[in-house]
Amino acid sequence: MINFKINGISLEANKGETILTAARRNDIYIPTMCYISKTTPCGSCRMCVVEVQGVDGFILSCNTPAVEGAEITTNSVALENERVNIMKLYDVNHPLECGVCDKSGECDLQNKTLEFNIEKQNFSTRDISRDRQNWGLINYNPSLCILCEKCVHVCNENIGDDAIEIKVGGYSSIIVPKDADYLDCTFCGECIAVCPVGALVSSDFEYSANAWELSRVPATCAHCSAGCPLEYETKHTGVNGMDEIYRVKNNFEFSSLCGAGRFGYDFDNSAPKNSDAFDKAISSIKNAEAIRFSSIITNEEAHILELIKDRLGIKLFNDDARKFAEFMKAYSSVSGKLHHSGSLEAIKQADAAIIIGSRIATDNPGVRYALTTAARHNGAKIVYAHPMEDVLMQNVITQFMKYEVGTEEGVMAVLAHAILADADLDESEKAFFDDLDLGYIYAETNIGDEELEDMMKSFARSKNRVLIIGNDVIAHECSANIAKLAALIEKYSNFCVVIVPREINTLGVSLINTLDKDEDLENVVGYNANGSFVISSLEGSDLAVPALNQQEGSVVNIDNRVLPTNVALKFNGYTLNNIANALGIKKDNTIDYTKELNQDTGFKSVLFDDLENYLAKMGEDIRGYILDEVVCEANGKLDKLDDLPEYNGTIVYHCDPVLQFNAHTNETKQLEKDNFLRGSAQFCVAARISDGDMIELSFGNIKIQREFKLDSELKGTIALNPTYDIGIDANRYRFDKSKIVRVVQ
Amino acid sequence: MKNEQFNDRNISNDYFKVDIADYPTTDWGKFKCALDRTFKLELLVGLWVVLREMFKFNTHTVKYPEEKMPIGPRYRAVHEMKRLWESDTERCIGCGLCEKICISNCIRIDTKIDENSRKEVSEYSINLGRCIFCGYCAEVCPELAIVHGGEYENASDQREHFVMYEDMLTPLDKMKAGTQSEFEGFGAITPHEEERVKKTPLAY
Ligand code: SF4
Ligand code: SF4
Ligand code: SF4
Ligand code: SF4
Ligand code: SF4
Ligand code: FES
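Residues numbered from 1 in each chain as written. Chains lettered and ligands numbered in written order. Predicted model: local features only at pLDDT ≥ 70, side-chain atom pairs only at ≥ 80, totals over all residues. Heavy atoms only, no water.

A few points about the overall build of chain B
Helix and strand counts for chain B come out as eight helices and five strands. Of the regular secondary structure in chain B, the N- to C-terminal order runs α-α-α-β-α-β-β-α-β-β-α-α-α. Relative to its length of 204 residues, chain B is extended, with a C-alpha radius of gyration of 27 Å against a globular reference of 17 Å. Seen through its C-alpha atoms, chain B measures out along the principal axes to roughly 90 × 50 × 40 Å. The burial tally for chain B puts 25% of its 204 residues in the buried class. Put simply, chain B shows about 16,300 Å² of open surface, and 55% of that area lies on carbon and sulfur atoms. Placing the 28 positive and 35 negative side-chain charges of chain B at their respective mean positions leaves the two points 5 Å apart. (Helix = DSSP H or I, 4+ residues; strand = E, 2+ residues; numbered from the N terminus. Rg over C-alpha atoms; globule rule 2.2 N^0.38 Å. Buried < 20%, exposed > 50% of the residue type's maximum accessible area, 1.4 Å probe, protein only. Areas by Shrake-Rupley, 256 points an atom, 1.4 Å probe, with all protein chains shown as cover. Lys, Arg positive; Asp, Glu negative; His and termini not counted. Charge placed at Lys NZ, Arg CZ, Asp CG, Glu CD.)

Right under this line is the structure:
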């Protein structure tokens, strides 16, 4: 702890903490213009200047650590003059368009101009013409840009796209796409969020509403298991229209959103109330043998489904959550704990990470951003083990470990072997490793022991290590053994484990429901899933129910955190709770179940209305609550390694493109709907197809038609097949041997 | 300014008190009063005065609707939307402040980006059935776009009675003729405002 004074008030700061953060923690105001908490300070504005006794000149508080005994002044006359002069410079030739500007009302420049009372422009410079630019989902207006560089910093340090840069040229400096004529990025829109002025705006939102007209609804993103905090902003449409979501905002100071969260908000269900359909739904459920449902539901809905199962004695199908639960069960049988130990915050703090079995940038952008932050801020060594390289991760990872499709069990075994080389294992565990035929595994997985040595070398000095496990492993045939290996690594080394659930509430469902193995029965009611009678928030359902942005309830995200979400838009029809009431399971509201969620798996008896949903002053995540740790029996034994499977020929990997996740994101209007089968030049040769061909793709018992696109960013003989538009079961092992034939038109 | 004239709440000497009997309090008194009113035909006394004056053609009221009183510039009746003198374009920039401030929630506006990347007001309506003519919208408008006009004859057979943007906008021929009138009520520009504007030095 460091003791020092600001304006005569004694404060404490942590070692290395900057003057600015210490001041903010203690509610002392220092104006800033370019500072943003989640990046390293870029020091471009000089608004944050302070005086330190005994030091000549001004000090930048945003990038200067507090030192023992320092006496700091934040508000002398000289400082005030300095700041006023900076503001005067910012305002030179700034267009007088607050009246129409999208940022008006929440603009840092506007606020500070008023704060420092800049009434007139005493000097001038000849203005130059700057054209506004359209960058797809983003519009850039250089005349409004104050060159604070926040956008450049988040794009590089938090997102990892590194897609924009500042083109330096004095007064004519502007922000430009990096090394490109047009912006080709993942369109997270984070640059829009952090821009303190109206220079970067959403092209869809531009000029459609003003800050003061929008109502804010705090919620949780519904698209992936990161469960990012966001706010839907709603307003009526037109003169007689209903409310609509106009845009999504986030607390960009501390958290980031991906483009799906930011631009994919209009997946609400506007179907009218239909009481006939409701009656049919009730009778269908009464006759059904099972209910099949997806994990894109709230905990409360999952709980209601469980109650329906108990009352009617029917089965519940959700293979995604069932596989996840099985994986976690095997993991717990070795780790002795019900929940994984890591979190997104742990990844951000990590200085070493292994990620296996996931194309993470598209599976869970939240994890990707956490990894980017770890790489940029802690210089983390990141090992990316996967059969396919991913250009999006290229400038974040330090080592790409390519393994053969299907050999995840072998990969995990050699990873554990390398990491636990000196660990104090017990007899049976030792026996497992002694039994391993390393030569065979190296050959089949295609991972060399030099690669493992390199990895261990690069990890040598690291203290905070994370093992991130993705869906290819969870859905793998031998997932149980892989889970036990992961738990073993956690048990005997300083790795913590993050297991990435596939959907927003896969984790919650796996803790609430007792699931049955999916069978092809005749009478299955689908709840947001396939069935003979479909109850769904998607188009074309037999009974319409509200989408996740029209419901209140909670979900459990990758951090084992129970997160509340609220109603952004009204829904006029029936909810699952209405159905439950008709079946004799009586409660007034869905959220009355929040306090009754399964406490054996770590839920707390907390009322929904007591769940908070915001980030605190210094970014502390105090949303909802974290599941209680549940201790369980640790009696699992590792199974002997099976022969590793071989995948030859043309293989497709079912993996969604950037910003698409499921049928809900597919319904939104702004997100790009890229539905090509994408493959490398090598794949073209192997499959004997070429760019632009219409092909028929068959795997398992599924047949679909797609256009093939040659993708110069891909390598190898695996092609990428999107699933968001065809709804392949989420639980499938995502690599498939497939037959590809060209369709002659 | 001194406040004395407002603080002195004594009525002036020009006023005199009318001698009116107190209301009866006893049951008998009330009964007597009712009898008086019924049988002394007090009602006809008043009626007679009216009739007498009518036959003498000596009316003191305005003969509405043939005759109408001129109304003051600050009168707050049905809204008008002004245009810019220089270019004839609409003054409204779609800031939505009028919609926000309206206490009876009767203004609804919608904006969008137009082909020239400018903000365009795509819809604007006021529900006069709800409007209480408080003048807040005119006061808050940063562009002196929405103002109150003098049109007060807006009786309607519907509770909902809307005026749209086009109805309120100054017609272009009026602009050509230069007869658009400025509103002088609350929120209006003060006289000699132009002299107070300081220009940015352009010495480069
Ligand atoms: S960026 Fe801010 S100061 Fe500039 S026009 Fe927009 S609201 Fe006004
Ligand atoms: S949208 Fe995201 S990835 Fe694209 S330039 Fe902005 S911050 Fe970078
Ligand atoms: S675009 Fe916005 S965030 Fe980027 S430098 Fe300009 S003002 Fe700053
Ligand atoms: S899709 Fe995932 S990463 Fe993107 S905003 Fe939603 S929760 Fe966050
Ligand atoms: S306040 Fe004035 S400028 Fe703003 S929307 Fe209303 S009429 Fe238009
Ligand atoms: S906030 Fe410190 S230089 Fe901008």
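Past the structure itself, the notes keep going.
Some remarks on the site of ligand 5
Lining the immediate environment of ligand 5, one finds Met81(B), Cys92(B), Ile93(B), Gly94(B), Cys95(B), Gly96(B), Cys98(B), Ile109(B), Tyr124(B), Cys141(B), Pro142(B) and Ile146(B). When grouped by side-chain class, the residues that make up the shell around ligand 5 number ten nonpolar, two polar and no charged. (Near = heavy atom within 4 Å. Nonpolar A, V, L, I, M, F, W, Y, C, P; charged D, E, K, R; others polar.)

Here we look at the sheet that holds strand 19 (residues 465-469) of chain A
Residues and elements named next belong to chain A. One open sheet holds the five strands; their spatial order is 18-17-16-19-20, and the pairing between them is parallel. Each edge of the open sheet is held by one strand with a lone partner, namely strand 18 (399-401) and strand 20 (495-499). Within the sheet, the average angular offset between the axes of one strand and its neighbour, ignoring direction, is 15°. Pairing between strand 19 and strand 20: five bridges, direction parallel. If you follow valine 466 over to strand 20, its bridge partner there is cysteine 496. Seen against the sheet, helix 13 (residues 408-419) touches strand 16 (352-356), strand 18, strand 19 and strand 20 and runs at an angle of roughly 160° to strand 16. The strands touched by helix 16 (residues 449-459) are strand 16, strand 17 (381-385), strand 18, strand 19 and strand 20; relative to strand 18, the strand with the most contacts, the crossing angle is about 145°. (Pairing = 2+ DSSP bridges. Axes fitted to C-alpha atoms, helices over the stretch in contact; angles between N-to-C directions. Contact = heavy atoms within 4.5 Å.)

With respect to the nonpolar core
Residue and element names in this part refer to chain A. Leu200, Tyr232, Ile347, Val367, Leu371, Ile382 and Ile468 are the most contacted members of the largest nonpolar core, which has 94 residues in total. Counting residues per element, this core draws most heavily on helix 12 (residues 365-378), which supplies six residues. Among the nonpolar cores identified, the runner-up in size contains 91 residues, and Ala277, Met412, Ile474 and Leu576 belong to it. (Core = buried A, V, L, I, M, F, W, Y, C linked by side-chain atoms within 4.5 Å.)

As for the domain arrangement of chain B
The domain architecture assigned to chain B consists of domain 1 (7-54) and domain 2 (79-189). Using C-alpha coordinates to define each centre, domain 1 of chain B is positioned 48 Å away from domain 2 of chain B. (Domains from an automatic or database assignment.)

Focus on the packing of aromatic side chains
For any pair of aromatic rings, geometry is given as the distance between the ring centres together with the angle between the planes. Residue and element names in this part refer to chain A. Per the stated rule, a full pass over the model turns up twelve aromatic pairs over all chains. Seen from their ring centres, phenylalanine 432 and phenylalanine 433 are 5.2 Å apart, and the 85° between their planes marks the pair as edge-to-face. Directly above the ring of phenylalanine 676 sits lysine 709, whose terminal nitrogen or CZ lies 4.4 Å from the centroid. We note lysine 737 situated over the ring of tyrosine 647; from NZ or CZ to the ring centre the distance is 5.0 Å. (Phe/Tyr/Trp six-rings, centres within 6.5 Å; stacked < 30°, edge-to-face > 60°. Lys NZ or Arg CZ within 6 Å of the ring centre and 35° of its normal.)

Concerning the pairing of strand 25 (residues 561-565) of chain A
All names here are of chain A. Burial within strand 25 is extensive, with five of its five residues counted as buried. Taking every second residue as pointing to the same face, both faces of strand 25 are buried, with Arg561, Leu563 and Thr565 on one and Val562 and Pro564 on the other. Pairing geometry for strand 24 (residues 553-556) and strand 25, over four bridges, is antiparallel. What sits directly across from glycine 553, in strand 25, is threonine 565. The antiparallel hairpin formed by strand 24 and strand 25 contains four residues in its connecting segment, where asparagine 560 sits at a positive phi of about 60°. Note: strand 25 against strand 26 (residues 625-626), two bridges, orientation antiparallel. Paired with valine 562 across the strands is tyrosine 625, a residue of strand 26.

Examining the site of ligand 1
For ligand 1, the full set of nearby residues is His94(A), Pro95(A), Glu97(A), Cys98(A), Cys101(A), Ser104(A), Cys107(A), Leu109(A), Gln110(A), Leu144(A), Val197(A) and Gly198(A). The class makeup of the residues in the shell around ligand 1 is seven nonpolar, four polar and one charged.

A look at the interface of chain B and chain A
Taken together, the contact pairs 25 residues of chain B with 25 residues of chain A. For the pair chain B and chain A, the summed buried surface comes to about 2,000 Å²; carbon and sulfur atoms form 52% of the total. One can count one salt bridge joining chain B with chain A. Across the pair Lys235(A) and Asp110(B) runs a salt bridge whose closest N-O atoms are separated by 3.8 Å. Here chain B is connected to chain A by eleven residue pairs in polar contact (both at pLDDT 80 or more). At the level of elements, helix 4 (97-101), strand 2 (107-113) and strand 3 (119-127) of chain B are the ones that each hand at least two residues to the side of chain B that touches chain A. Ranked by residues supplied to the side of chain B that touches chain A, first place goes to strand 2 of chain B with six residues. Of the residues belonging to the side of chain B that touches chain A, the class tally is ten nonpolar, six polar and nine charged. (Buried area = accessible area lost by both parts, 1.4 Å probe. Salt bridge = Lys/Arg side-chain N within 4 Å of Asp/Glu carboxyl O. Polar contact = N/O pair within 3.5 Å; in protein donor to acceptor, adjacent residues only side chain to side chain.)

What about the packing of helix 4 (residues 150-159) of chain A against helix 12 of chain A?
Residues and elements named next belong to chain A. For the pair helix 4 and helix 12, interaxial distance at closest approach is 6 Å and the crossing angle is 100°. It follows that helix 4 is roughly perpendicular to helix 12 by the angle criterion. When helix 4 is examined against helix 12, the residues Asn156, Glu157, Asn158 and Ile159 are found in contact with a partner set consisting of Arg368, Tyr369, Thr372, Thr373, Arg376 and His377. For the contact of helix 4 with helix 12, the residue count by class is two nonpolar, five polar and three charged. (Parallel < 35°, antiparallel > 145°, perpendicular 65-115°, else oblique.)

What to know about the environment of Ala352(A)
Here Ala352(A) shows up in strand 16. Sequence separation between Ala352(A) and Ala460(A) is 108 residues, and the spatial gap between their C-alpha atoms is 9.4 Å.

Regarding helix 8 (residues 299-312) of chain A
Three or four residues apart is the spacing at which side chains of an α-helix point the same way, because the helix has 3.6 residues per turn. Residue and element names in this part refer to chain A. With 14 residues, helix 8 should cover 20 Å at 1.5 Å per step; its first-to-last C-alpha distance of 20 Å lies within 8% of that length. By the criterion of burial, helix 8 is predominantly enclosed, with ten of the 14 residues buried. For helix 8, the complete set of buried residues consists of Asn299, Glu300, Glu301, Ala302, His303, Ile304, Leu305, Glu306, Ile308 and Lys309. Once helix 8 ends, the next one or two residues include glycine 313, with phi positive near 65°. (Expected span 1.5 Å × (residues − 1).)

Description of the pairing of strand 12 (residues 229-236) of chain A
Residue and element names in this part refer to chain A. Of all eight residues that make up strand 12, seven are buried, and the element is covered over most of its length. Bridge count for strand 12 against strand 13 (residues 243-249) is six bridges, and the pairing is antiparallel. Bridged to tyrosine 232 within strand 13 is valine 248. Joining the antiparallel neighbours strand 12 and strand 13 is a turn of six residues, in which glycine 238 adopts a positive phi near 55°.

Remarks on the sheet that holds strand 12 of chain A
Residue and element names in this part refer to chain A. Strand order across the open sheet formed by three strands is 11-12-13, with antiparallel pairing between neighbours. Each edge of the open sheet is held by one strand with a lone partner, namely strand 11 (215-220) and strand 13. Averaged over all adjacent pairs, the angle separating strand axes in this sheet is 35°, with direction ignored. Pairing geometry for strand 11 and strand 12, over six bridges, is antiparallel. The partner of valine 217 across the bridge, within strand 12, is tyrosine 232.

Structural notes on the side chain of Thr445(A)
Along the chain, Thr445(A) falls in helix 15 (residues 438-445). Under the relative-accessibility criterion, Thr445(A) is labelled buried at 0%.

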